[in-house]
Structure formats: C-alpha cells, structure tokens
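Remarks on the overall topology
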Amino acid sequence: MSPLEGLHSMEALRTAEQIQLLDLVDSLRAEGLSEFTALPQLIVCGDQSSGKSSLLEAISGVPFPRKDNLCTRFATEVILRRASDSEITVSLVPGKNRSSADQERLWLFRHEVSSYNDFVTLFEQAKQAMGLLSVGGNAFSEDILRVEISGPKQPQLTIVDLPGLIHSHNKHQTEHDVQLVTNLVAKYMVNPRSIILAVVSAKNDFPNQIILKKAREVDPQGLRTLGVITKPDQLGHGTDAEKIFLSLARNEQVEFHLGWHVVRNLDSATSDAVQDRDAIEKQFLAESNFRSLPATHLGIDHLRQRLSIVLFGQIRAELPQLIDDIESGISGCHRELEKLGPARITLDDQRDFLVNLSDDFQKLCEAAIKGDYEHKFFADISLYKRRLSAMIVNMGMDFAEEIRTEGAQWKIVESTSSGKGCRTRTQAIEAVRKLLRKSRGRELPGLPNPLLVGEVFREYSKPWEHLARRYIKGVWESTKGFVEQALQYLTDAVVSDALLRHLLDPILDNKLKMAYAKLDELMAVHWEHPETRNHYFTDTYNALQRRHSEAETTRALQKAFATRSLMTTEHIPSLVTTLREKTEPDMDLVAATSTFHAMEAFYKVSMKLFIDNVPNLIVRAIIASQLSSTFCPKSVFAMDSDTVSKIASESEDKKHRRQEISTKLQALEAGNALCKQYTLRVTSS
C-alpha cells in the first residue's frame with residue numbers, strides 16, 4: 001500500500017506561479033530559515049475540542065487525533081512537499097527550553113511512515129518521547145511534531161495544528177499548562193505572515209470562545225484571519241442558535257476581511273474507512289439552512305480552494321518584505337561577527353585580534369580629528385557626537401563666546417539700575433581709586449602703581465578659569481564618548497569594556513589631569529605682572545584715554561553752549577577758560593582712570609590670546625591630537641601577555657554566540673540565494 005494512499009492530493013492549490021512561490025518558501029524552510037525569520041504558513045487555532053484536528057485532517061489527509069477530550073497537546077507542523085517519490089517522515093523539533101541532553105534525544109526521534117495506520121501509533125510515541133504520558137508530566141509541550149509528506153501530487157505548503165486554547169485550569173491542566181498553551185499559540189499567531197484559521201465550534205456560543213479575542217489582538221483589522229465554523233450539524237434545524245451562526249457565517253457578527261467558511265466534521269468515533277467524510281458533508285450542507293450561504297463558503301473542497309488563493313496572495317504580498325528581512329538579517333550577522341572578531345584561542349590569536357582592532361580604531365580616530373566623515377561610522381547625521389572634530393570646533397566657538405560675554409567679573413553699563421554684576425564706568429573707576437589708595441607705593445601723584453593694573457585685571461578676569469575648566473571637561477567627556485562609541489561600533493561590549501577598563505580609561509583620565517595642569521600654567525602667567533608686546537594694547541589704551549578726554553570736553557562745551565543762544569569769535573577766550581577749568585584736580589582719580597583704561601586694554605589683548613591658547617595648547621595638543629595613539633598596533637605590541645589575555649580572551653558564551661550567528665548567517669545566505677534564483681526565474685519567464 002502506498003504511504004500516501006487515502007490522502008487528499010490538494011491539487012486545487014496548484015498553479016504554475018503558485019508552485020514557484022511555494023517551492024521557494026518550502027526551500028527557505030528546508031534551509032532552516034524559519035528559525036530566524038517569519039515564513040508564510042497556515043495555522044489552525046481554536047479552543048479545546050473545537051474541531052481543529054478534524055479540520056486539519058480533512059484539508060491535509062493526515063489522520064490527527066480527534067477525541068472530544070484533550071486532543072492536540074503540542075504543535076504539529078504538516079509540511080507538504082512536491083517530489084517524484086512518495087514519502088512520509090515524522091520527526092520532533094525540541095523546544096528551546098529543553099536541556100542539551102533532551103534536545104539531542106528528541107532530535108533522534110525520526111520515523112518513516114509505511115502505512116496510513118502508522119500515524120496513530122507515531123502520535124503516541126511522540127507523546128512518550130516528549131514526556132506527556134509520564135506520571136506527573138506536563139499536559140502540554142513546547143516541542144513540535146513535524147510531519148513531512150512528499151509526493152508527485154503534493155503542493156509546497158505548511159499547515160500547523162496548535163493546541164486548543166484553555167479557558168481555565170483543572171486537575172488535568174495546571175495553570176502552567178494554560179500559560180504554556182497561550183504562549184505557544186500566541187507565538188504562531190503573532191507572525192504577520194501566518195494565515196490564521198480561527199476555528200469556532202457551533203456546539204458552544206461563539207462569544208465565549210477565546211480564539212476570536214486572540215485573533216483580534218494580533219490581527220485587529222482581520223486582514224489575515226479566516227473564520228471556520230465546525231460542527232454545524234450539532235445545531236437544531238431552525239433554532240435561534242442556528243440563526244446566530246448563520247449570521248456569523250455571513251460575516252455580520254465578527255467581521256474578517258477573509259470572511260467565514262462552514263465545514264461539517266466527522267464525529268470523533270467515526271472512521272474514514274467506514275464512511276465517506278466528504279459525501280456526508282455535502283449531503284448535510286445541501287439539506288441544512290446553511291445552503292443559503294454562497295457555495296464557495298461551504299465544504300472542505302471550497303475551503304481548499306480559498307486557502308489556495310489566500311495563501312498565494314499572502315506569499316506574493318509578503319515576499320518583497322521577506323527578502324528585505326533576509327538581507328537585513330545577513331547584514332546584522334556580518335556586523336555581529338565583525339564585532340566578535342575571529343576565534344581567539346592562543347595568545348598570538350588574541351594579540352593579532354587586538355592589532356587589527358587597534359588599526360581600525362586608529363583610522364577612525366584620525367578621520368574624526370581631521371573632520372573626514374566618509375566612513376560609514378559617521379554616516380548617520382543624527383549620531384552627531386561621533387563627528388569629533390565638529391564637536392570640538394563648535395565647543396571651542398561656544399567657549400570663545402562665553403569668555404566674551406561672561407568672562408568679566410562685572411559688566412560696564414550705562415545705567416546704575418542694570419542689576420547685579422554690572423557697574424557704570426564711573427563706579428568701576430571709583431572702585432579702582434579706592435584700591436589705589438590702599439596700594440600706594442613710590443609713584444608720583446597722578447601716576448598709578450604699575451602693580452595695580454595686574455591686581456585689577458586678575459579681579460576682572462576671575463571667571464576665566466571656571467569657564468576654561470568647564471570647556472576642557474566638556475571636550476574631554478565628548479572625546480571619551482567618541483572613544484566608547486568607536487569601540488562599540490568596532491567590537492562587542494565585552495572587549496569594549498575590557499579595553500576601556502584596562503587601557504583607555506586610565507589614559508583618558510591622565511589626559512584630563514594633564515589638561516588641567518596646562519590650564520594652571522596658563523592661568524599662572526595671567527596672574528603675574530601684566531606683560532605684552534602687542535601694539536593692540538597701546539592702540540586700545542590710547543583710544544580709551546582719548547575717548548575719556550573727548551567725553552569730558554563734550555560735556556564742558558555742552559554746558560557752555562547751554563547758557564548762550566549765539567556764539568561768536570568774541571566768546572573764544574571764555575570757552576578756552578572753561579576747558580582749562582575742566583582739568584581734573586584729583587590726582588587719584590586721574591591715576592585710577594588711567595589704571596582702569598590700561599586694565600581694559602590689557603584684558604582685550606589677553607582675552608584674544610586666552611581664547612586661542614586654551615583650545616590649541618590644551619584641547620587639541622593634549623586631549624585630541626594624540627587620541628589615535630592611545631590604542632594602536634604599537635601600543636598592542638607593548639602590552640604584556642596578562643593584559644592581552646584580560647582584554648581579548650573569549651568566554652564559552654562568546655564562542656557559542658559566534659557559532660549561533662554563523663549558523664544563522666549560513667541559513668540566511670542560502671535563503672537569499674534561493675530568493676535571487678526565484679527572481680531570475682520570474683524575470684526570464
């Protein structure tokens with residue numbers, strides 16, 4: 001007897017383009033791609049004892065258990081494949097939470113079916129292997145029973161029968177079982193490429209059946225859900241219950257874009273060998289009130305045709321995004337493998353790894369400092385902090401603006417009511433005059449003490465050190481952030497953290513100390529006696545003195561002209577006398593004014609120099625310019641063996657992770673190649 005004898009051929013699912021598409025999806029699944037990305041499939045979902053298994057048997061021809069008590073206790077994938085030879089194979093796919101020993105044991109469960117009746121025996125054997133028949137064992141399992149049916153008339157299709165959703169726990173089904181089943185079903189339903197066959201039994205009120213709520217949660221618009229009503233023969237002819245289910249079948253109660261379908265299952269005690277299932281269904285549908293529905297929405301034959309159309313449309317619609325997902329997955333695997341680097345068993349392997357990593361790091365640093373942003377590391381403009389040169393330049397410009405606007409201890413303003421931290425020029429000069437009186441030396445009257453200019457300058461420029469330290473700390477933090485991002489981009493988190501902890505953090509911390517020490521040197525120069533050979537000082541001082549003299553002259557002339565409406569040459573002597581009288585008799589005020597003007601002129605000269613020196617002599621010279629040498633091939637060769645091992649050695653978890661990614665990459669690349677072959681076939685045809 002042929003192993004496929006008695007099974008439905010499902011030829012309604014076959015067209016030329018469908019075969020190509022379904023061949024592709026089946027090939028992707030055969031390459032193991034379903035472990036890494038969602039593939040199109042049909043899933044049969046419903047509450048316990050809703051008739052799912054009977055429906056699946058009617059669609060596929062596989063004799064699933066269909067008792068009215070606990071039926072499906074694990075997910076069963078029925079993979080239908082087109083092949084020249086007929087063959088049926090049953091195997092187990094262990095759940096991810098299984099121990100290594102259990103996984104190895106379950107992978108060995110693989111049997112070929114020689115006859116139709118072997119299915120029942122194999123189902124029991126599968127339960128035994130999964131521990132479902134043992135005393136105290138779970139009622140349900142996360143393992144998957146995989147049934148592969150190949151033959152010349154079979155399509156490429158996957159149908160998944162899932163355990164029935166449980167309303168509440170009891171002595172046979174614990175709370176853990178309820179949650180396990182809910183999670184298992186949800187995992188399949190949430191796949192956006194799954195077509196959900198939501199099975200609703202006419203034996204129970206449909207609002208009480210969990211499957212409809214679950215379907216709405218994962219498919220709110222009902223775009224990929226097809227409702228299936230089973231056991232309509234359990235409804236009394238002409239009863240209110242029958243009318244309600246007729247309304248449901250018309251898509252009036254719970255609306256699905258794919259609509260509803262009605263099938264009549266065989267009773268659990270009935271055998272296919274005794275009665276013709278399809279003939280019984282046709283007779284019932286022809287005589288019942290369900291005959292008022294469109295014929296295409298009745299019976300298993302039309303359901304196969306609908307599934308053919310729906311599945312084909314789903315695959316064709318999802319294929320472009322599936323290809324994008326595969327290519328994205330390949331890129332992600334390559335990135336992860338690049339970060340992990342090659343296997344590093346020996347000390348030489350570890351040092352070679354660090355040499356190559358340091359070379360890449362050095363190139364990134366040099367590009368960042370030079371402002372060369374061609375590397376893809378800098379491509380995302382939203383990650384602006386990676387563009388270190390731009391960050392440093394902008395922070396330098398902000399620092400210069402802060403010194404200009406906030407660098408003075410007080411601001412010179414016109415009005416006395418301008419607020420705290422502000423002085424009029426008269427108030428500022430008066431403060432200098434008081435200081436002058438406390439600082440008299442051997443200078444002549446009207447001449448300032450030469451040390452007084454420095455004392456006033458130091459008071460006036462007091463905010464500089466705080467602003468400079470804040471600027472240096474900000475640049476250092478940005479530089480450290482760049483280093484961390486560069487390492488995270490080039491390698492995995494473990495190596496990145498080890499490099500920072502054992503090598504780069506101490507170097508960067510020392511750079512900050514050196515930067516602060518250099519700032520202290522610059523500030524020490526400013527705290528000494530003012531000295532400059534910049535002619536801008538003389539020009540500025542003379543301009544300030546001249547402006548002060550012109551202001552005094554202007555006020556005197558305005559006062560003289562205010563008392564006379566008409567001025568002639570006869571009034572010149574009196575004007576000269578007026579101007580002579582304006583000569584300041586207070587020698588201390590003259591000296592204070594000259595001191596303040598000298599301080600202002602020197603402040604402007606020093607400010608320009610300070611704004612240049614801090615970014616150039618500290619930020620660039622100490623923090624930024626030598627950044628690439630902090631981790632370079634030369635520094636790796638200088639490391640002792642212990643440091644190399646601390647940074648570059650691998651844990652068992654990392655080795656296992658590399659193997660996982662390599663396996664995933666192999667499957668994705670094989671899938672990508674298959675997709676390209678399909679694209680070429682479609683284009684050529």
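Before going into details, it helps to say that this report is about the structure given with it. Bear in mind the structure is a predicted one, so any value in this text is a computation, not a measurement.

A short note on the pairing of strand β5 (residues 144-151)
- Within β5, eight of the eight residues are buried, which leaves the element mostly enclosed by the surrounding structure.
- Residues I144, R146, E148 and S150 point to one face of β5 and L145, V147, I149 and G151 to the other, with burial holding for every one of them.

Details of the environment of K608
- Residue position: K608 is located in helix α18 (residues 587-624).
- Note on K608: relative accessible area 47%, which makes it partly exposed.
- As a C-alpha pair, K608 and R404 span 204 residues in sequence and 9.2 Å in three-dimensional space.

Structural notes on the packing of aromatic side chains
- A complete count under the given rule lists 12 aromatic pairs for this structure.
- Ring centres 5.6 Å apart and planes at 55° place the aromatic pair F361 and F631 in the tilted group. Here F631 lies in the loop between α18 and α19 (633-637) and F361 lies in helix α10 (residues 347-370), a separation of 270 residues in the sequence. Exposure class is identical for F361 and F631. Each is buried.
- For the pair F377 and F378, a centre-to-centre distance of 5.0 Å together with 80° between the ring planes defines the contact as edge-to-face. Across this residue pair, the class does not change: F377 and F378 are buried.

So, the pattern of salt bridges
- Under the defined criterion, the tally for this structure stands at 23 salt bridges.
- The salt bridge involving D325 is made with R193; its shortest N-O contact spans 2.6 Å. Of this pair, D325 sits in helix α9 (residues 299-340) while R193 sits in the loop between α5 (175-189) and β7 (194-201), placing them 132 residues apart in sequence.
- By relative accessible area, D325 is classed as partly exposed at 29%.

A look at the environment of L364
- Tracing the sequence through the fold places L364 in helix α10.
- The exposure class of L364 is buried, given its relative accessible area of 2%.
- Separated by 11 residues in sequence, L364 and H375 have C-alpha atoms that sit 7.9 Å apart.
- Sequence-distant contacts of L364, that is, excluding residues within four places in its chain, are made with H375, F377, F378, F482, A486, Y489 and L490.

Cut-offs used in this document
Residues numbered from 1 in each chain as written. Predicted model: local features only at pLDDT ≥ 70, side-chain atom pairs only at ≥ 80, totals over all residues. Heavy atoms only, no water. Buried < 20%, exposed > 50% of the residue type's maximum accessible area, 1.4 Å probe, protein only. Helix = DSSP H or I, 4+ residues; strand = E, 2+ residues; numbered from the N terminus. Phe/Tyr/Trp six-rings, centres within 6.5 Å; stacked < 30°, edge-to-face > 60°. Salt bridge = Lys/Arg side-chain N within 4 Å of Asp/Glu carboxyl O. Contact = heavy atoms within 4.5 Å.

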